[in-house]
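Close look at the chain arrangement
Residue-level listing of the chains:
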Amino acid sequence: MLEKSYDPRLVEAKCYASWLEKGYFRASANTRKEVFSIVIPPPNVTGSLTMGHVLNNTIQDILVRWNRMEGFETLWLPGTDHAGIATQNVVERRLLEKGIKRNSLGREKFVEEVWKWKAQYGATIVKQLQKLGCSCDWERERFTMDEGLSKAVIQVFVSLYEKGLIYRGNYIINWCPRCETALSDEEVEYRETKGSLYYLKYPIKGSKKFMTVATTRPETMLGDVAVAVNPKDKRYKHLVGKTVMLPFMRRELPIIADDYVDPKFGTGAVKVTPAHDPNDFDMGQRHGLTPISVMRGDGMMNENAGDFQGLNRYECRERIVEGLRDRGFLSKVEEHDFSVGHCSRCETVTEPYLSLQWFVKMKPLAEPALQMFRNGTPKLFPKRWEKVYVHWLENIRDWCISRQLWWGHRIPVWYCDDPKCKGICVGVEKPDGCPECRSSMHQDEDVLDTWFSSWLWPFSTLGWPEKTEDLEAFYPTSVLVTGHDIIFFWVARMVMAGLEFTGQVPFKNVYLTGMVRDELGRRMSKSLGNSPDPLEVIDEFGADALRFSMCLLTPQGQDILFSKSRLDTGKHFANKLWNASRFVLMNVDGTPVDELPEIEDLSLPDRWILSRFAGASKDVTRLIRTFRLNDASSRLYEFVWHDFCDWYLEMAKHHLTDGSSSSESVKKTMIWALSGILRLLHPFMPFITEELWQTLHKNDSSIVVSEWPKGKRGWLDKKTEHEMETVQRVVTAIRNLRSEMNVPPGKKASCFIRMAGEEKEIIERCTDYVKLLGKVDKLEAGASIERPGVAATSVIPFAEIFLPLEGLIDVQAERTRLVRELEKVLKEFEASKKKLSNEDFLIKARKEVVEKEKTKLQTLGQTKENLEKSLSSLNGS
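Remember, predicted model here, so these are calculated numbers, not experimental data. (Residues numbered from 1 in each chain as written. Predicted model: local features only at pLDDT ≥ 70, side-chain atom pairs only at ≥ 80, totals over all residues. Heavy atoms only, no water.)

Considering the overall build of the chain
The secondary structure content of the chain amounts to 28 helices and 29 strands. With respect to the three principal axes, the spread of C-alpha positions in the chain is 105 × 75 × 55 Å. Partitioning the intrachain contacts of the chain with sequence separation of at least 6 by distance along the chain shows that 77% fall at a separation of at least 24. Element-wise, carbon and sulfur atoms account for 48% of the exposed surface of the chain, whose accessible area totals about 40300 Å². In the chain, which carries 123 positive and 123 negative side-chain charges, the distance between the mean positions of the two groups comes to 4 Å. (Helix = DSSP H or I, 4+ residues; strand = E, 2+ residues; numbered from the N terminus. Contact = heavy atoms within 4.5 Å. Areas by Shrake-Rupley, 256 points an atom, 1.4 Å probe, with all protein chains shown as cover. Lys, Arg positive; Asp, Glu negative; His and termini not counted. Charge placed at Lys NZ, Arg CZ, Asp CG, Glu CD.)

In structure tokens, the structure reads:
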């Protein structure tokens, strides 16, 4: 027998350990079954569970568990990402706590320290995913720096280099001065920042006049090589081709015309600094300007900064502004809000930085991916992301793949040690010597961008470049579930890599989830302190409650506004399911679980619940298949809570206690329906459904490998559902009248219903159910029913329902209470009405305040109408 109340802490760990022990999550490559496969978006090895992980992995687990129950050979392949910059920063900080600097250790010993850290802490998030209930094949767990995956990375680099798709060059990239490495776009967080816009005056050569340019970074002026204006700007047309003098540096700068310049920004003239701004770099390329870098990789000013050499970038800014002001070259300074990039790992303000890096030519790889997408592969859910995906592929830029780190896949390029020789070798293995002069060679110091291993993930994890059984059986995968924020960094790149190296798109479908945000709409982050610890949430609410609530809260692909208070829905639902199951188990001892009587022998409630079950299973199957998991969980909630618990079980009590022959039929139906409900709910709530399943079946069978339930087509019965709906509407009306008139729950009422036709016949056949559920001891229905004198009245589409109140309540006391309540409501109603007729309020108040007041007036109006109706009933009118 089940405990009186559900405690997830007593259930969840026990269930998961059993699943692992019995190998339910293992997939076989040697199978004749149809295959469903999915690879996990690898979380950072430094990471711990976040609410974003909860949402993403819950969705994946629902799909996996559902397909397993549908009879597919199911593989969910887990793993973690080496997360180059994040992991290096974590280990560096730990070493600094011991007084050890990375450079003092040297590269080889530092990498050894990272591997030690990975061995000790790298499985943290894996254990947390297990606590969430993720049914991954943990025996196939991979790591982006595993030997096999590393081999795939190196082979891909060499292959692309030999095809001319990888090259080295000086370009502007995102740069972190603290980490001293290039960053991907995904590793830069942009924050709105209050700053200043500085107006700098550059003297026009041969004139006493100036050109004024506006900039947010005066320190970069030391690297200016031109001043640019828009060719259509009449203010400056006569100056194009002339030069200005650069303060401090005494360098002549040409005045050029370029369409990029916005005439409406600042003064309409901009300084051109190709080494420190990506747009200026492009402009410099168009006009043949030579970049001048004035900053080192650590953010300090270099030898090209003249007298400012050795200052950090912010000290330099202050000195330059002070010097310009002293010389009369500072026109003005304005407050200016703008978006500033920060390193996502150390939060340092990033720099656009001209640097020698390795790049991949993306256009040749994007074109086949674009063609495949136009042919229908992969399919994106929701569809609104299709235009975004296509736009990025059509306008793709080359990818900077080198990083100035020690932790990661080292670039497989070697250079000749002889300074006179320019020999270079690119290969899978270290060369014996320089191919030009046979001198020794040294390897490139940089490592590859973390995403360079991630874009191979769907096939490298399955053994590529070897032709493995897993690759043959499970590739291409069935679906990818990931956040829409990495549709470019990861999804599109995986498609390109899959086509280039396997000839196939790596997944048939892509489900793009929304972001988890707080109640104010802010993205959750550690810096804001607005993200709860999912493990603490699981300890408080249970993993099932968390999973189910997240599904209920998240429409397909939309962002979720999360707060812990919203998890009560899932917690209450789990308790409702537990209590309902406990009631069933207490009343069906000895009844076969999977044996149903013939449909024609069943009572109305039995036939109705089977019809509702058939409809629910059909709907939920369709909704999961189309990734509408929010709608699927809502459909299950309504069916289980309202149809099964609130209506069916209450009606079943009548047959369980009446001693009739229908008692056995209702027991069989009740236990069969519960068994089906547990299976429908299992992908969403795996732990509680396993515990209840084990208790229900009294054996070692697991719901994990049970069959997905499908209601029989013959169970769908519109006539039965119409009959039951008629009963429900009458009972609901009676319950509402009792509530409105404060009828004590223990008192049974009389009820008179004015009705005719088919509905009258239904109510007459179902009188016992109406009496049971409406707490009625006398029920009369007919076309000529007269309204009793003092009675509460309800009108529904096919009937008028009268509930006599004499002897049921203290009519005078209730009348007094209602009058007092109505007076209070009328006062508030008139005050709200007066406020909304005030023009000053409507004009000056915030829009949301006005809308709130309108809603309040509407609610008060409805309450007023209900109270007047109740008073009318008490007055016999």
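Section: the sheet that holds strand S7 (residues 188–203)
Taken in spatial order, the three strands of this open sheet run S8-S7-S13, and their pairing is antiparallel. The sheet is open, and its two borders are formed by strand S8 (210–215) and strand S13 (330–343), each paired with just one other strand. On average, each strand axis in the sheet is inclined to that of its neighbour by 20 degrees, with strand direction left out of account. In the sheet, S7 pairs with S13 via 13 bridges, with the strands oriented antiparallel. Directly across from Tyr-198, in S13, lies its bridge partner Val-333. Against the sheet, helix H9 (residues 313–327) contacts S7 and S13, and its axis sits at roughly 165 degrees relative to S13. (Pairing = 2+ DSSP bridges. Axes fitted to C-alpha atoms, helices over the stretch in contact; angles between N-to-C directions.)

Topic: the packing of aromatic side chains
For the coordinates displayed, the defined rule picks out 39 aromatic pairs. Taking the centre distance of 5.8 Å and the plane angle of 55 degrees together, the rings of Tyr-16 and Phe-25 count as tilted. Owing to a relative accessible area of 3%, Phe-25 belongs among the buried residues under this scheme. Measuring from centroid to centroid gives 4.9 Å for Trp-672 and Trp-715, while their planes differ by 85 degrees, and the two rings are edge-to-face. Taken together, the positions of Trp-672 in helix H21 (residues 662–681) and Trp-715 in the loop between helix H22 (686–697) and helix H23 (718–740) put the pair 43 residues apart, joining distant regions of the chain. Judged by relative accessible area, Trp-672 falls into the buried class, the value being 12%. Within the aromatic cluster, the residues linked to one another by ring pairs are Phe-157, Tyr-161, Trp-358, Trp-399, Phe-452 and Trp-455. Above the ring of Phe-210, the side-chain terminus of Lys-201 is found at 4.7 Å from the ring centroid. (Phe/Tyr/Trp six-rings, centres within 6.5 Å; stacked < 30°, edge-to-face > 60°. Buried < 20%, exposed > 50% of the residue type's maximum accessible area, 1.4 Å probe, protein only. Lys NZ or Arg CZ within 6 Å of the ring centre and 35° of its normal.)

Here we look at a negative patch on the surface
A grouping of Glu-315, Glu-318, Glu-322 and Asp-326 is seen on the molecular surface, where their side chains present a negatively charged patch. Structurally, Glu-322 is set in helix H9. The exposure class assigned to Glu-322 is partly exposed, which follows from its relative accessible area of 47%. (Patch = residues over 30% accessible without salt bridge, like charges linked within 9 Å, V, L, I, M, F, W, Y side chains within 5 Å. Salt bridge = Lys/Arg side-chain N within 4 Å of Asp/Glu carboxyl O.)

Topic: the sheet that holds strand S27 (residues 776–782)
Pairing in this open sheet of four strands is mixed, and the strands run S27-S26-S29-S28 from one edge to the other. Bordering the open sheet on either side are S27 and strand S28 (791–796), each of which pairs with just one other strand. Here the average twist between neighbouring strands, direction ignored, is 20 degrees.

Quick notes on helix H24 (residues 757–765)
Of the residues making up H24, those classed as buried are Glu-759, Ile-762 and Ile-763. The arc enclosing the buried residues of H24, seen along the axis, measures out at 95 degrees, which places them on a common side. As for H24, its buried residues are in contact with H23, strand S26 (749–754), helix H25 (767–774) and S27. (Arc of directions from axis to C-beta.)

Some points on unusual backbone geometry
Negative phi values dominate among residues other than glycine, just as trans dominates among peptide bonds. In this structure, the amide linkage connecting Phe-381 to the following residue, Pro-382, adopts the cis form with an omega of -5 degrees. Checked against the element boundaries, Pro-382 lands in the loop between strand S15 (379–381) and helix H11 (385–394). The omega angle of the peptide bond from Trp-464 to Pro-465 is 15 degrees, so this bond is cis rather than trans. Residue position: Pro-465 is located in the loop between helix H13 (457–460) and helix H14 (469–474). We note that Ala-83 has phi near 50 degrees; this positive angle belongs to a residue other than glycine. Looking at the secondary structure, you find Ala-83 in the loop between strand S3 (79–80) and helix H3 (84–97). Given a relative accessible area of 4%, Ala-83 falls into the buried group. The phi dihedral of Phe-627 is positive, around 60 degrees, even though this residue is not glycine. Within the secondary structure layout, Phe-627 lies in the loop between helix H19 (604–625) and helix H20 (629–657).

What to know about the side chain of Ser-702
With respect to the element layout, Ser-702 can be found in the loop between H22 and H23. Overall, Ser-702 belongs to the buried group, its relative accessible area being 5%. In terms of polar contacts, Ser-702 uses its side chain to reach the backbone amide nitrogen of Val-704, at 3.1 Å. Each residue touching Ser-702, except ones within four places of it in the same chain, is listed here: Trp-19, Tyr-24, Glu-690, Trp-693 and Gln-694. (Polar contact = N/O pair within 3.5 Å; in protein donor to acceptor, adjacent residues only side chain to side chain.)

Remarks on the packing of helix H26 (residues 811–836) against helix H28 (residues 847–874)
Here H26 crosses H28 at 155 degrees, and the two axes come no closer than 9 Å. In terms of orientation, H26 lies roughly antiparallel with respect to H28. For the pair H26 and H28, the crossing hand works out as left-handed. The residue makeup of the contact of H26 with H28, split by class, is 14 nonpolar, four polar and 10 charged. (Parallel < 35°, antiparallel > 145°, perpendicular 65-115°, else oblique. Left-handed = near helix turned anticlockwise from the far one by under 90°. Nonpolar A, V, L, I, M, F, W, Y, C, P; charged D, E, K, R; others polar.)

Some words on the packing of helix H17 (residues 543–553) against H22
Contact geometry of H17 with H22 gives a least axis separation of 7 Å together with a crossing angle of 125 degrees. With respect to their mutual orientation, H17 and H22 come out oblique. Every residue of H22 that contacts H17 at Ala-543, Asp-544 and Arg-547 is listed here: Pro-686, Phe-687 and Ile-688. Class assignment for the residues of the contact of H17 with H22 results in four nonpolar, no polar and two charged.

Here's the deal with the pairing of strand S9 (residues 226–229)
Where burial is concerned, the two faces of S9 agree: the one with Ala-226 and Ala-228 and the one with Val-227 and Val-229 are both buried. Pairing between S9 and strand S12 (residues 269–272): four bridges, direction antiparallel. Within S12, the position partnered with Ala-228 by the bridge is Val-270. Looking at chain direction, S9 and strand S11 (residues 251–257) are connected through three bridges and run parallel. Each bridged residue has a counterpart across the sheet, and for Val-229 the counterpart in S11 is Ala-257.

Examining the nonpolar core
Membership of the largest hydrophobic core comes to 214 residues, with the highest contact counts inside it found for Phe-157, Leu-160, Phe-452 and Phe-644. The element contributing the most residues to this core is H20, with 15 residues. Residues within four places of Leu-160 in sequence aside, it is in contact with Leu-165, Ile-166, Val-360, Leu-365, Phe-452, Trp-455, Glu-500 and Phe-501. Counting residues in hydrophobic clusters, the runner-up holds 29 residues, among them Met-211, Tyr-236, Ile-255 and Ala-305. (Core = buried A, V, L, I, M, F, W, Y, C linked by side-chain atoms within 4.5 Å.)

Details of the side chain of Ser-150
If you trace the backbone, Ser-150 turns up in helix H7 (residues 147–162). Sequence-distant contacts of Ser-150, that is, excluding residues within four places in its chain, are made with Thr-144, Met-145 and His-409.

As for the pattern of salt bridges
Pairing is possible between side chains of opposite charge, provided their charged atoms come close. Following the criterion strictly, the structure yields 56 salt bridges and no others. Between Arg-374 and Glu-394 there is a salt bridge, with the nearest N and O atoms lying 2.5 Å from each other. Here the residue Arg-374 occupies a position in helix H10 (residues 363–374), and Glu-394 occupies one in helix H11, the gap between them amounting to 20 residues. Among the salt bridges present, the one from Glu-848 reaches Arg-846, with a minimum N-O distance of 2.9 Å. One network of salt bridges, in which partners are shared, links Asp-61, Arg-65 and Arg-547.

Structural notes on H7
With 16 residues, H7 extends 23 Å between its outermost C-alpha atoms, agreeing within 8% with the 22 Å of an ideal straight helix rising 1.5 Å per residue. Buried within H7 are the following residues: Leu-149, Ser-150, Ala-152, Val-153, Ile-154, Val-156, Phe-157, Val-158 and Leu-160. Gly-164 occupies a position one or two residues after H7 and carries a positive phi of about 80 degrees. (Expected span 1.5 Å × (residues − 1).)

Topic: the environment of Lys-653
With respect to the helices and strands, the residue Lys-653 is situated in helix H20. Overall, the relative accessible area of 34% leaves Lys-653 in the partly exposed class. Remark: the alpha-carbon pair of Lys-653 and Leu-772, spanning 119 residues in sequence, is separated by 9.3 Å. Within the structure, Lys-653 has its side chain in polar contact with the side chain of Glu-650 (distance 3.0 Å).

Note that every value here comes from positions in space, so none of it alone points to a role or purpose.
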